[in-house]
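What follows is the residue order along each chain.
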Amino acid sequence: MCTIESVRGASLGKRSITDDEIGLIKAMLARGMANKEIQFYFNRQDRAVNSGRISGIKANSYGPEVPMASDQALSAFIANFTSRELAAPRIIAGTASTIPLDAMDEKVLHSFFTKDSRGSWRCAAGETDEFECKEGFNLRNFSKPLRTIAGFANNRGGYIFFGVKDKPTGFAICGLADDRFTNTDQNKFSQTIRSVLEPTPRFRVASIKLDDMTIGVIHVEPHNAKPVIASKTEGDVAEGAIYFRYPGETKAICYADLRAILDERDQRSREAILPMVQRLLELGPDDAMVANLADGRLESGQRTILIDPQSLKQIKFIREGEFDEVDGAPTLRVIGDAQTVPAEIISPVRTVRQEVTVDAILRNFLNRVQVEQPLSYFSQASHEQGWILPIFYYLHLAGQTRKGAINSLKNSKHAKPKTRMEFNKLLQGKRSIFEKPGGKRLSTLQEIRSGGPIAIADLHRANEIAAALSCITADDCTRFDEIHELLNQCRTAWETMDGGATLLARIRRAAARLDELEYGPLVPDE
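Residues numbered from 1 in each chain as written. Predicted model: local features only at pLDDT ≥ 70, side-chain atom pairs only at ≥ 80, totals over all residues. Heavy atoms only, no water.

**With respect to the pattern of salt bridges**
Inference 1: Per the stated rule, a full pass over the model turns up 32 salt bridges.
Inference 2: Here Arg-363 and Asp-359 are joined by a salt bridge, their closest N and O atoms 2.4 Å apart. Taken together, the residues Arg-363 and Asp-359, both in helix H12 (residues 358–366) and four residues apart, mark about one turn of the helix.
Inference 3: For Asp-359, a relative accessible area of 27% translates into the label partly exposed.
Inference 4: With a closest N to O distance of 3.7 Å, Arg-491 and Glu-495 form a salt bridge. In this pair, Arg-491 and Glu-495 both sit in helix H19 (residues 480–496), four residues apart, roughly one turn of the helix. (Salt bridge = Lys/Arg side-chain N within 4 Å of Asp/Glu carboxyl O. Helix = DSSP H or I, 4+ residues; strand = E, 2+ residues; numbered from the N terminus. Buried < 20%, exposed > 50% of the residue type's maximum accessible area, 1.4 Å probe, protein only.)

And the structure:
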């Protein structure tokens, strides 16, 4: 039996990876695990195992004489490794903070399953107020999972596992009977869920392999605007019902739990408005006004100042300005036609950038930059004639809903008609950026999915990679970090080698597709 202690304690010899580790990597590759997944188990602070090394082991160019570890040894290794990682979450070197594992991390998901003495896989979590098991999957008959999703969203969140038998069998793993779950795009899940539940729960979809069996996973986050309510009757879901997850079951919420949800919502509202009320009291009625940016009014209890429409058009807020704290008072600098005042009474305001451009929209998304004014990026994207750009990332940063985004497009005087129409379709789930792979795109996509090293040395290669990445699906969710990096390399090639309009269009489409898959599900309906 190979454990993590025996692997790490083995003599390294001339190699940086031990023979035991090579054998385990070979067994993981035989199970169909991707290079990035394998790296999780062998990367250490004092030694990194890169993807190229794993590809070398796969091609038998590194450690060809080392035999593959047995399936039993690999299962024991994974079980031992996972339990230790979860008991002591990893620490990022150079910092004092503990970084918890993501809810959909491969190691977290594997930790919910164990192999018994007879070699049978079982769901150790069973069914609780955070776990539900389903033997089969059918999106056309999805009403029972919809109840569970609503119940999780109204409680603490949770997981639904598909391919796991119910309690009488000890939650034995049977695996999914076909590939319908893995072939269903996350947008399809989103459309099904949002058509019945409002506000739409936030969720993610993944699948894992246990030996030759596939388990489908849906993770639901607790909603920040509870309660989630059924908007129509659909099978076991009744219109107007509020479902809540209780230990081992989902049912209509009881009065005490509904009261707790409503009390919590009221408390959040009070906490949000109290700082503004406190500031108004500090300033007093003679020195404070409330700005209504929708109609250009500055109002107090005694007077109103109107900004005429022409001036409103000329005024623009610095899209990535910095809020400047003066005695606790947040201020935002406005640029436009304004009367000058003595410099000594104006506190300095620093500007992070002057303008939101298409390049900024693309670059900040690919680098996942936490921009200061994310809604200004969405607004600027709607002003562009070419509408294929990442938008869900910025809506997610702003905490904006799909309904709110659609309303802002409706009220915008500067949104391009074609772009407004296409954004509305995208926000309503009526269209997708996905492109069907074929020919060179398909072969390049397969190369990316193989996990081998990808070098982008010229514009031709950048065009191939960018074109292929517009064909990714929800199954590529474990590669999102890698795809961000590849598109960044493509953008650098375009920028430094004078790549032209064709390459830029392909990068924009691939980035928009990545945005649709990665952040689209995180933007609720309302």
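Now that the structure has been shown, we can carry on.
**Here we look at a nonpolar patch on the surface**
Inference 1: Side chains of Ile-273, Leu-274, Met-276, Val-277 and Leu-281 sit close together on the surface and give an oily, nonpolar patch of about 500 Å² of accessible area.
Inference 2: The residue Met-276 is located in helix H10 (residues 255–283) in this model.
Inference 3: Classification of Met-276 as exposed rests on a relative accessible area of 52%. (Patch = residues over 30% accessible without salt bridge, like charges linked within 9 Å, V, L, I, M, F, W, Y side chains within 5 Å. Areas by Shrake-Rupley, 256 points an atom, 1.4 Å probe, with all protein chains shown as cover.)

**A look at the nonpolar core**
Inference 1: Within the largest apolar cluster, 53 residues are counted, with the highest numbers of intra-cluster contacts made by Phe-365, Phe-378, Phe-392, Ile-465, Leu-469 and Leu-487.
Inference 2: At seven residues, helix H20 (residues 500–518) tops the list of elements feeding residues into this core.
Inference 3: In this structure, Leu-469 is in contact with Ile-448, Ile-483, Leu-486, Leu-487, Ala-510 and Arg-513, ignoring residues within four places of it in sequence.
Inference 4: Counting residues in each nonpolar core, the second largest holds 24 residues, with Phe-142, Phe-181, Val-228 and Val-237 among its members. (Core = buried A, V, L, I, M, F, W, Y, C linked by side-chain atoms within 4.5 Å. Contact = heavy atoms within 4.5 Å.)

**Considerations on the packing of aromatic side chains**
Inference 1: Across all of its chains, the model carries 22 aromatic pairs by this definition.
Inference 2: Centroid distance Phe-137 to Phe-142: 6.0 Å. Interplanar angle 80°. Geometry classified as edge-to-face.
Inference 3: Look at Phe-137 and you get buried, because its relative accessible area is 7%.
Inference 4: We classify Phe-142 as buried; its relative accessible area is 4%.
Inference 5: Ring geometry for Tyr-159 and Phe-161: centres 5.9 Å apart, planes at 15°, overall stacked.
Inference 6: Taken together, the ring pairs in this structure connect Phe-112, Phe-113, Phe-131, Tyr-159 and Phe-161 into an aromatic cluster. (Phe/Tyr/Trp six-rings, centres within 6.5 Å; stacked < 30°, edge-to-face > 60°.)

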